[in-house]
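Structural characterization, general
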Amino acid sequence: MVKLKHLRHPLRTVSTAKNFLAARWSMWRFADHGARRFSGDPRYDLQNVTDGFRSRLDDSEGDDELLERICAAYIKAVKQQQFAPRIYKASEWWQQVRQGSLGPVAQALLTRDTSTLRRMYRNLFRDPCSSGLLGVPFGMSKAYFGGTIKDFHRRFYLSHVLYRFDYWKAQTQNRFVLRDLAGPGVGNPFGVLIEGTHINVGAEYAHYCAHRIDSLLGSKAATVAEIGGGFGGMAYYLLRDRPAVTYLDFDVPESIALTSYYLIKAFPNLKFLLYGEGPLTADAISQADVVLQPLFELDAMPTGSVDLTFSSHAMSDISSEAMVEYLRQIDRMTRDFFLYIGKERTNDSISDLFDQRDHSFKLSETRASGWHSQKVSGAGSALGARATILEQVYTRTALGVDLTTASTMARNSSFSRISSNLGSTAAQGSSASLSSNA
């Protein structure tokens, strides 16, 4: 049946159809390659996909107090955000997501409709409340959630997962087993069920990021800040496997609300500080296990208050002006390391900024990341993702310089002079929320 919109936009329809067919062909080739690559591998059982996508929806009652708390923090953040500097406001892309897919959950949060909010959050991973952070596989919800999953889709998804599992094992030097990827069971996650363990979509990347952070910190008690933590996927593994850590996340209000639900449900015995529940002081941070705040609160962070700041892809969609400010805040609040994973172009911009005179962070390590490569991720191949992804560690070199003094020097010198150099390489807009899941 030809729809009216197809008649109105015939060229766009043809282009969409061509892209769809190209994606299908690429997926078929990847699925076929995976079937041959994993032939004889006991993990290559299509039933693992069917079992992994089976609904695990929790329809029990409760959570009223938690949801009220989340709504209160969200309402305060949205109200205050209108007075925040422009660089901390949502990008045009995120505003479109907010007005579209996130409209219902934002409305529920603003009106304290805990009944609707409960229904959405308990279906996390499959409900639009996670739009912009998580999506059903490759945009094909009907193929995976519409009843019986066709073998074509099962072969494609299983190949995608097994390549990523093997890459995860290689990147972590075979230190872990599949059960280490088990999630908290919050929401209604989909993925695969292998060796009796349900492994959520994106778990291997989130676990790798947590492992990478842990390896940089050593054995000491530490404070870790993340910019753009998504729904809390990386944070779950970090908090689970490193109990002495204090974790902070800065993101747009909708993502912080979702992260609050996910992590508080996963760790009910930890002490959480949400926005509006108290000032963001060094004492408040030291007394909390998890601090979840909107992006504009970066400016309120105490100087030298975190050991490591981490971000995965979140800075790829911010303006040049926002990039300068975010790096200034990272330089001011971070004592030891900044770990960033993202597109080569963004990493180049960050490196250029950190190379400026009077700056205290220097690039100490660069690794090529294969998480988005065609070999590791069939999704990347199908969707045409060709960008080079880099993982870079920046280490503070001015250890003898007082952090307050260093921050003031940076603010008054290099940062104020270089923002114009990034205009052609950074995406326009302000802040964007991206999942840590590659």
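A few points on the structure. Everything numeric in this text was worked out from a predicted model, so none of it was measured.

Observations regarding the nonpolar core
Counting 131 residues, the largest nonpolar core has Y121, L263 and M315 as its most contacted members. The dominant element in this core, judged by the number of residues it contributes, is helix 9 (residues 151–171), at 10 residues. Non-local contacts of M315, meaning those with residues more than four positions away in its chain, are made with I227, M323, Y326, L327, I330, F338, Y340, T346 and I350.

Some thoughts on the packing of aromatic side chains
On inspection of all chains with the given rule, the structure shows 27 aromatic pairs. Consider the rings of F53 and Y157, whose centres lie 5.1 Å apart with planes at 80°: the pair is edge-to-face. Pair noted here: F53 is in helix 3 (residues 47–53) and Y157 is in helix 9, with a separation of 104 residues, a long-range link. Judged by its relative accessible area of 5%, F53 falls in the buried class. Ring pairs connect the aromatic residues F53, Y144, F145, Y157 and F190, which therefore count as one cluster.

A few points about the environment of H198
Checked against the element boundaries, H198 lands in strand 2 (residues 197–200). Judged by relative accessible area, which is 13%, H198 ranks as buried. The spatial distance from the C-alpha of H198 to the C-alpha of L181 is 8.4 Å, given a sequence separation of 17 residues. Setting aside residues up to four positions removed in sequence, H198 forms contacts with G52, R56, A182, G183, P189, F190, G191, V192 and L193. Here the side chain of H198 touches G52 through a polar contact of 2.9 Å, landing on its backbone oxygen. Only 3.5 Å separates the side chain of H198 from the side chain of R56, close enough to count as a polar contact.

Definitions and cut-offs
- Residues numbered from 1 in each chain as written.
- Predicted model: local features only at pLDDT ≥ 70, side-chain atom pairs only at ≥ 80, totals over all residues.
- Heavy atoms only, no water.
- Core = buried A, V, L, I, M, F, W, Y, C linked by side-chain atoms within 4.5 Å.
- Buried < 20%, exposed > 50% of the residue type's maximum accessible area, 1.4 Å probe, protein only.
- Helix = DSSP H or I, 4+ residues; strand = E, 2+ residues; numbered from the N terminus.
- Contact = heavy atoms within 4.5 Å.
- Phe/Tyr/Trp six-rings, centres within 6.5 Å; stacked < 30°, edge-to-face > 60°.
- Polar contact = N/O pair within 3.5 Å; in protein donor to acceptor, adjacent residues only side chain to side chain.

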